[in-house]
Amino acid sequence: MTDLMVLWAPWPLNAGPLQKVSPLNRHVLAIALGIALCLTVGASLVPLFVKPATTPCAYFSTPVRFIRIDSVPVESRRKTYRFPVVEYSYTVSGKQYTSKRMFCRDSNTVSVDWSKVERFFDDARGGTVVVAWVRPSSPESACISPDIEFSYSVMSNTSTQCRAN
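Residues numbered from 1 in each chain as written. Predicted model: local features only at pLDDT ≥ 70, side-chain atom pairs only at ≥ 80, totals over all residues. Heavy atoms only, no water.

Peer 1: Explain the overall build of the chain here, please?
Peer 2: On a plain count of helices and strands, the chain comes out with 2 helices and 5 strands. Relative to its 165 residues, the chain shows a buried fraction of 25%. Counting contacts in the chain only where the partners sit at least 6 residues apart, residues at least 24 apart contribute 64% of the total. Roughly 12,400 Å² of accessible area belongs to the chain as shown, and the carbon and sulfur atoms make up 58% of that amount. (Helix = DSSP H or I, 4+ residues; strand = E, 2+ residues; numbered from the N terminus. Buried < 20%, exposed > 50% of the residue type's maximum accessible area, 1.4 Å probe, protein only. Contact = heavy atoms within 4.5 Å. Areas by Shrake-Rupley, 256 points an atom, 1.4 Å probe, with all protein chains shown as cover.)

Peer 1: When you look at the state of the cysteines in this model, what are you seeing that I'm missing?
Peer 2: Disulfide: a covalent bond connecting the sulfur atoms of a pair of cysteines. Throughout the structure, instances matching the rule amount to 1 disulfide. The disulfide that involves cysteine 104 links it to cysteine 143, with 1.4 Å between the sulfurs. Taken together, the residues span a long stretch of sequence, with cysteine 104 in the loop between strand S3 (95–99) and helix H2 (114–126) and cysteine 143 in strand S5 (residues 138–143) at a distance of 39 residues. For cysteine 143, a relative accessible area of 1% puts it in the buried group. (Disulfide = S-S within 2.5 Å.)

Peer 1: Explain a nonpolar patch on the surface to me, please; I cannot follow it from the model alone.
Peer 2: A cluster of nonpolar residues, Leu37, Val41, Leu45, Val46, Leu48, Phe49 and Val50, forms a patch on the protein surface that exposes about 710 Å² of accessible area. Position of leucine 37 relative to the elements: it lies in helix H1 (residues 23–49). (Patch = residues over 30% accessible without salt bridge, like charges linked within 9 Å, V, L, I, M, F, W, Y side chains within 5 Å. Salt bridge = Lys/Arg side-chain N within 4 Å of Asp/Glu carboxyl O.)

Peer 1: I keep staring at the packing of aromatic side chains and nothing clicks. Help me out?
Peer 2: Centre-to-centre distance and the angle between the planes together describe a pair of aromatic rings. Under the criterion given, the structure shown has 13 aromatic pairs. Taking 6.2 Å as the distance between ring centres and 45 degrees as the angle between the ring planes, the aromatic pair formed by tyrosine 88 and tyrosine 90 counts as tilted. Here the two residues tyrosine 88 and tyrosine 90 agree in accessibility, since each one is buried. Summarising the aromatic geometry, the rings of phenylalanine 103 and phenylalanine 150 are spaced 6.3 Å apart at their centres and angled 75 degrees between planes, so their arrangement reads as edge-to-face. Note that phenylalanine 103 is positioned in the loop between S3 and H2 and phenylalanine 150 in the segment after S5, a separation of 47 residues in sequence. Both residues of the pair, phenylalanine 103 and phenylalanine 150, belong to the buried class. Counting every residue linked through ring pairs, the aromatic cluster contains Phe66, Tyr81, Phe83, Tyr88, Tyr90, Tyr97, Phe103, Trp114, Phe120, Phe121, Phe150 and Tyr152. (Phe/Tyr/Trp six-rings, centres within 6.5 Å; stacked < 30°, edge-to-face > 60°.)

Peer 1: Any chance you could explain the sheet that holds strand S1 (residues 60–75) here in plain terms?
Peer 2: Within a beta sheet, neighbouring strands are joined by backbone hydrogen bonds and run either parallel or antiparallel to one another. The 5 strands are arranged S3-S2-S1-S4-S5 in an open sheet whose pairing can be described as antiparallel. Whereas interior strands pair on both sides, the edge strands pair on one side only; in this sheet they are S3 and S5. Here the strands of the sheet are splayed against their neighbours by 35 degrees on average, with no regard to which way each runs. Looking at chain direction, S1 and strand S2 (residues 80–92) are connected through 11 bridges and run antiparallel. For valine 72, the partnering residue across the bridge sits in S2 and is phenylalanine 83. In this fold H2 packs onto S1 and S2, with an angle of close to 45 degrees to the strand it touches most, S2. (Pairing = 2+ DSSP bridges. Axes fitted to C-alpha atoms, helices over the stretch in contact; angles between N-to-C directions.)

Peer 1: I tried to follow the environment of phenylalanine 120 on my own but got confused; where do I start?
Peer 2: Its place among the elements puts phenylalanine 120 in helix H2. Phenylalanine 120 has contacts with Phe66, Pro84, Val86, Met102, Val130, Ile144, Phe150 and Tyr152, leaving out every residue within four places of it along the chain.

Peer 1: I keep staring at the pairing of S3 and nothing clicks. Help me out?
Peer 2: Consecutive side chains of a regular strand alternate in pointing toward one face of the sheet and then the other. The pairing of S2 with S3 spans 5 bridges and is classified as antiparallel. Looking at S3, one finds that tyrosine 90 is bridged to tyrosine 97. Following S2, the chain reverses through 2 residues before pairing antiparallel with S3; serine 93 in that reversal takes a positive phi of roughly 50 degrees.

Peer 1: How do you make sense of unusual backbone geometry when you look at a structure like this?
Peer 2: Of note in the backbone geometry, serine 93 takes a positive phi value of approximately 50 degrees without being a glycine. As for its position among the elements, serine 93 is in the loop between S2 and S3. We classify serine 93 as exposed; its relative accessible area is 64%.

This is the structure we're talking about:
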C-alpha cells in the first residue's frame, strides 16, 4: 500500500474523528444557503423587470435620401480640397422635409479631417445610408454633422434609442 499525501483538507488532519453537526447548526446553515440562493436568483432576474435609465436625446437620427451631392473648392495651405455641398430629404413623424445644412452649429470656422470628407463622398455616392440629425423641438432643421468638427454617421452605427419615427 502506498502513502497518501493530502495537499489540503477542510479540517485539520490530526483532529481525530469528525464530529456530527448538531440539528440547530443544520437549520442555520439551511437558512443561510436559502437566503443566498434567493438573493442570487433575484439579482439575476432584475434585468428582466427593471428598465435602464434612458437619457433624453439632444438629436434624433433619421436616414436621408440625397437629392444633390456636389462640392466646392476649399483652399488649404498646401492643397485645394473639395468640401461637400448637399441637398437631402428626410422624414420625421411621417412628414417629409429637405435640408442643405451640413453642420448643426453655426460657426465661421470648422475643423475638417479631409479623409473623413473623402469617406463621406464615397459613402453618400455609394448608397450607404447616411443619417441626418434633427432636434426633437425643430424637425424642419436637420444637419449631417452635429458638431463644428466635420463628421457624419451611417444608419448601421447609430443607436435605435434616438431614431426619429
